[in-house]
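Reading the structure
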Amino acid sequence: MDIRKKLEEGFVFFDGGFGTLLQAAGLKPGELPERWNIDKAEVISKLHYDYLLAGANILKTNTFGANSFKYPDDDTEYGLKNIVTAGIACARRAVEMLEHKENTGDDFSSASEDHYVALDIGSLGKLLKPLGDLEFESAYEIFKQIVDAGKDADLILIETMNDIYEAKAAILAAKTSGLPVFLTTAYDESGKLLTGADPRTVVAIAEGLGVDAVGVNCSLGPEEMMGIVDELCIYASVPVIVNPNAGLPRSENGKTVFDVTPEDFKGSMIRIAGKGARVLGGCCGTTPAHIKEMTAAVRKLTPLPLCEKEQTLISSYTHSVEFGKKPVLIGERINPTGKKKFKEALRAADMDYILQQGLNQQDQGADVLDVNVGLPEIDEPQMMEDVVRGLQAICDLPLQIDTTDPVAMERALRLYNGKAMINSVNGKEEVMKQVFPLAKKYGGLVVALTIDEDGIPNTAEGRIRIAENIYRKAAEYGIKKKDIIIDPLAMSISAEADSAKVTLKAIERIRDELHGLSSLGVSNISFGLPERELVNSTFFTMAMNNGLSAAIMNPASVEMMKAYYAFCALKNLDENCTDYIEFAGRYQALVPDKKEGGAEKKAPATAIEYDGDEKYRELVTAIVKGMKDRAGNITAELLSADIPAMEIINNGLITALDIVGKGFEKKTVFLPQLLMSAEAAGGAFDVIRENMRKSGKKQEIKGRMILATVKGDIHDIGKNIVKVLLENYGFDVIDLGKDVDPELILETAKKENIKLVGLSALMTTTVPAMEETIKLLNKEIPDCKTVVGGAVMTPEYAKMINADKYCKDALETVRYAEEVFGA
């Protein structure tokens, strides 16, 4: 039975953890577990077989860490294709053993009837650009190599992803196989991915890309996952997967053990099944005993029915925006139409100016940014790609990709880190044939203009007819009604006196008759008239009252923002009038004294919290916003004004990083913003270093330390993040890389007289190598401190392996380094 059909019928069960079982079977510290697919195939098949006896339907192949970084194709024995093919064969052999009941003495009473082999794909262990050094297309090609090698599987499981951008590259690669694709991501205790996405955002992106099931695995035990499961079940239309750890890990006699018993696991998984999860299994620390208890209990339950969730969502990489609750504001300023300066910026490729338009609109209250870079004399696809890359590096607002060029549209949608709005399609057959396949492949909320081969109807009835046709055509491409937003078009009342009435009636009918969403370019209504803001804001209020879901508008317009905040307050869409009061407070601070003939300014923007020396405000702001080039230019200006470098570092760079760091600790700033701010600070540091070099001065170093990912582990995301932060705070870091032998770490520490070593591990199978490294350092260099971190680490675990300090993130590591070196 096809796994998709199986999911429709009831619960489906994954197997459990593999790492701890491999350790128990003799896997040595630092040994690559995937090699056992070839060297000890019978052991791997037996582990799979035990899970089948416990009731698992789906076996995850022993390929979690298999990629070309670890297993290059030129390795004739342990190349990627051989490792993956052998991994699938091991799982197939286990199914064969069960179905033929080869071991007649086994208890088959708990075994399930249908069995599937899932090609298990894990993270590549690298951050994608701009946060890291791996190109999106390079990640896609690496994942595709794995997929091509594993096409004999029954489905593909992409698991333990903590960066939704990497997950997108993996999903696109997996979809080329034609196999069902499942995705599970790993959240921290706050319910966020490493790069900031919450479960709702993951659902929006993953379902847009066409996964067959979505869920959560690893990092947390079942009880800690309850809130995440709740959110997944609220928003996911596809089946929800839950594969928790068996609680928290600890070390006993060089082995990793976990604290949730099979009986406790069963109780938690019963509750999780009751919340609506349909695909259940385990991750680190779970064993066949855990799976057996779970399957025996959950099989007796009736799963909640699968149903289409009607929320319309778009997203950036950190958060989603929901349509249909209150009007969504789409900033219109990244568009050359009628904007001389913006056209000049596009021709000159002045990215600072272009990106600043995005930051300004974010500060002024936009929810989404429209991105239109269409000029006949430029390479629009390349410019669109550059602007989308630039914006998502410094701004976490979702984007609306606005172009009539299908090449530019696809390039933008492919590299976009989120689920975008797509502007636009219309009722013309040719246009729908171009746009709908892209929307189906990459996901998105499609803006649909009510125009067809006969032009724009001059009645609401005519525009509704086109909208209905677009819905029908979209459905033929597999695009749901909730992913279409109708633009009934606003035409200038200076040319067509009844145009506002027609548009307002169409908006009302879209809401009341079609039960759909609507969007509008509001300012078109006043074209050719004086005092346009007065007409625009009045029409905007009327449209919102008729059910307008979203408006493309200028958030710098005082009148438009007044209308918006007042409308939301009056309609009880703003709890306790909080947003209105906050806006009014900022507005009052900017309103000039009318007695002195002052003119009203632009709509007030939110500012960073900074109370330091005003001459550093621009630099601090540039770093906080992640504007690397701007930060470098401002630093050069400060140096040319004879301001000492150390004053700039302490009052500008460190102050900015501290602001971002405090936001990171409070969970109001997420890893991408932290890293881009660090990158901007690095740009400023480069200018200062060059200035010091020319003047013969030396930079002050707070201390030197080693960083390394331990033997057997190729995941260096966490280590690289720590390195960036440490260097920006003035520490000299010796980065030994990943998969590092304990002896090399010891040798380097001795040679360089190191007082602090930082160690990272992602997988349970590599923690013994961390423990071995610490034991070696403690014996040979007893005064050298060790700090550890990684997905499988906890304070208790760190203490058990005799580390001096566990740090949950990069910023905490900086604070500990400052403590060690007295900085």
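Reading the values: rules and limits
Residue numbering note: each chain is counted from 1, following its sequence as written. Restriction of local features to residues with pLDDT of at least 70 applies here, the model being predicted, together with a cutoff of 80 or more for giving and counting side-chain atom pairs; totals for whole chains, interfaces and linings are based on all residues. Heavy atoms throughout the structure, all of them, feed into the side-chain values; hydrogens and water do not. Only DSSP runs of H or I with at least four residues qualify as helices, and only runs of E with at least two residues qualify as strands; both kinds are numbered from the N terminus onward. Radius of gyration: C-alpha atoms only; globule rule: 2.2 Å multiplied by the number of residues to the exponent 0.38. We call a residue buried when its accessible area falls under 20% of the maximum for its residue type, exposed when it is over 50%, and partly exposed in between, using a 1.4 Å probe and counting protein chains only. Contacts between residues were defined by any pair of non-hydrogen atoms, one from each residue, lying within 4.5 Å. The salt bridge definition used is simple: a Lys or Arg side-chain nitrogen within 4 Å of an Asp or Glu carboxyl oxygen. The quantity known as pLDDT measures the predictor's confidence residue by residue, on a range of 0 to 100. Grouping buried Ala, Val, Leu, Ile, Met, Phe, Trp, Tyr and Cys residues that are joined through side-chain atoms within 4.5 Å yields what is termed a nonpolar core. Two rings from Phe, Tyr or Trp (for Trp, the six-membered ring) form a pair when their centres are within 6.5 Å of each other. A pair whose planes differ by under 30 degrees is stacked, one over 60 is edge-to-face, and the rest are tilted. Look at NZ for Lys and CZ for Arg. If either is within 6 Å of the ring centre and within 35 degrees of the ring normal, a charge sits over the ring. By this rule, a helix spans an expected 1.5 Å times one less than how many residues it contains. One requirement defines pairing of two strands: DSSP has to find at least two bridges between them. For every element, the axis is a line fit to its C-alpha atoms; helices are fit only across the contacting stretch, and the angle between N-to-C directions ranges from 0 to 180 degrees. We call two directions roughly parallel when the angle between them is under 35 degrees, roughly antiparallel when it is over 145, roughly perpendicular when it lies between 65 and 115, and oblique otherwise. Crossings are sorted by hand: turned counterclockwise from the far helix by less than a right angle, the near helix makes the crossing left-handed, and turned clockwise it makes it right-handed.

1. Description of the overall build of the protein
- Tallying secondary structure elements over the protein gives 30 helices and 25 strands in all.
- For 823 residues, the compact-globule formula gives about 28 Å, and the C-alpha radius of gyration of the protein, at 28 Å, lands near that figure.
- Taken over the C-alpha atoms alone, the protein extends approximately 85 × 70 × 50 Å along its principal axes.
- A burial count over the protein gives 60% of its 823 residues as buried.
- In the protein, the proportion of contacts linking residues at least 24 apart, taken out of those at least 6 apart, comes to 74%.

2. Description of the pattern of salt bridges
- With the rule as written, the count across this model stands at 59 salt bridges.
- Between Asp148 and Lys144 there is a salt bridge; the shortest N-O distance is 3.2 Å. Placement of the pair is Asp148 and Lys144 together in helix H6 (residues 136-149), with a separation of four residues, close to one helical turn.
- Overlapping salt bridges bring together Asp658, Lys702, Arg815 and Glu818 as one network.

3. Description of the confidence of the model for the protein
- Overall, the predicted model of the protein reaches an average pLDDT of 93, with 97% of residues at or above 70.
- The low-confidence segment residues 593-600, where pLDDT is below 50, has nine contacts with residues more than four positions distant or belonging to other chains.

4. Topic: the nonpolar core
- Formed by 209 residues in total, the largest nonpolar core has its most connected members in Phe143, Leu183, Leu280 and Ile484.
- The dominant element in this core, judged by the number of residues it contributes, is helix H25 (residues 671-695), at eleven residues.
- Leu759, Ala761, Cys784 and Ala803 belong to the second-largest nonpolar core, a separate cluster that totals 26 residues.

5. Let's talk about the packing of aromatic side chains
- Per the stated rule, a full pass over the model turns up seven aromatic pairs.
- Where Phe136 meets Tyr165, the ring centres are 4.9 Å apart and the plane angle is 25 degrees; that geometry is what we call stacked. On the criterion of sequence distance, the pair formed by Phe136 in helix H6 and Tyr165 in helix H7 (residues 164-175) is long-range, its members being 29 residues apart. The exposure classification of Phe136 matches that of Tyr165, with both residues buried.
- Ring centres 5.6 Å apart and planes at 45 degrees place the aromatic pair Phe436 and Tyr477 in the tilted group. Remark: Tyr477 occurs in the loop between helix H17 (460-476) and strand E18 (484-487) and Phe436 occurs in helix H16 (residues 429-442); sequence separation between them is 41 residues.
- Accessibility expressed as a relative area gives 24% for Tyr477, which makes it partly exposed.
- Taken together, the aromatic side chains of Tyr564, Tyr565 and Phe583 make up a single cluster linked through ring pairs.
- The ring centre of Phe69 lies 5.3 Å from the NZ or CZ of Lys126, which sits over that ring.
- Over the face of the ring belonging to Tyr140 we find Arg414, whose NZ or CZ atom lies 4.5 Å from the ring centre.

6. Some points on helix H26 (residues 717-728)
- The end-to-end C-alpha separation of H26 is 17 Å, in line with the 16 Å expected for twelve residues at 1.5 Å each.
- Residues Ile717, Lys719, Ile721, Val722, Leu725, Leu726 and Asn728 constitute the buried set of H26.
- For H26, the secondary structure elements touched by its buried residues are helix H24 (645-665), H25, strand E21 (703-709), strand E22 (731-735), strand E23 (756-760) and helix H30 (810-821).
- Note on H26: the residue one or two positions beyond its end, Gly730, has a positive phi of about 95 degrees.

7. Section: the sheet that holds strand E24 (residues 785-789)
- Read from one edge of the open sheet, five strands run E22-E21-E23-E24-E25, paired in parallel fashion. The outermost strands of the open sheet, each flanked by one partner alone, are E22 and strand E25 (805-806).
- Judged from the four bridges that link them, E21 and E23 form a sheet pairing that is parallel. Within the sheet, the bridge partner assigned to Ala708 lies in E23 and is Leu759.
- Contacts from helix H27 (residues 742-751) reach E21, E22 and E23 within the one sheet, and its direction differs from that of E21 by about 175 degrees.

8. Considerations on the side chain of Ser760
- Within the secondary structure, Ser760 sits in strand E23.
- Given a relative accessible area of 12%, Ser760 falls into the buried group.
- Excluding its chain neighbours within four sequence positions, the residues that come into contact with Ser760 are Ala708, Thr709, Val710, Lys719, Met770 and Gly789.

9. Digging into the packing of helix H9 (residues 226-235) against helix H10 (residues 262-275)
- In the contact formed by H9 and H10, the axes pass within 9 Å of each other and the chain directions differ by 20 degrees. Our classification of the angle between H9 and H10 gives roughly parallel. Note on packing geometry: the crossing formed by H9 with H10 is right-handed. Contact residues: Met226, Val229, Asp230 and Cys233 in H9; Ser268, Arg271, Ile272 and Lys275 in H10.

10. A few points about unusual backbone geometry
- The omega torsion across Lys129 and Pro130 is 10 degrees, close enough to zero to call that bond cis.
- Inspection of the secondary structure assignment puts Pro130 in the loop between strand E3 (116-121) and H6.
- The phi dihedral of Leu489 is positive, around 70 degrees, even though this residue is not glycine.
- In this fold, Leu489 is placed in the loop between E18 and helix H18 (499-512).
- One non-glycine residue, Asn572, lies in the positive phi region at around 60 degrees.
- Along the chain, Asn572 turns up in the loop between helix H20 (558-570) and helix H21 (578-590).
- The exposure class of Asn572 is exposed, given its relative accessible area of 63%.

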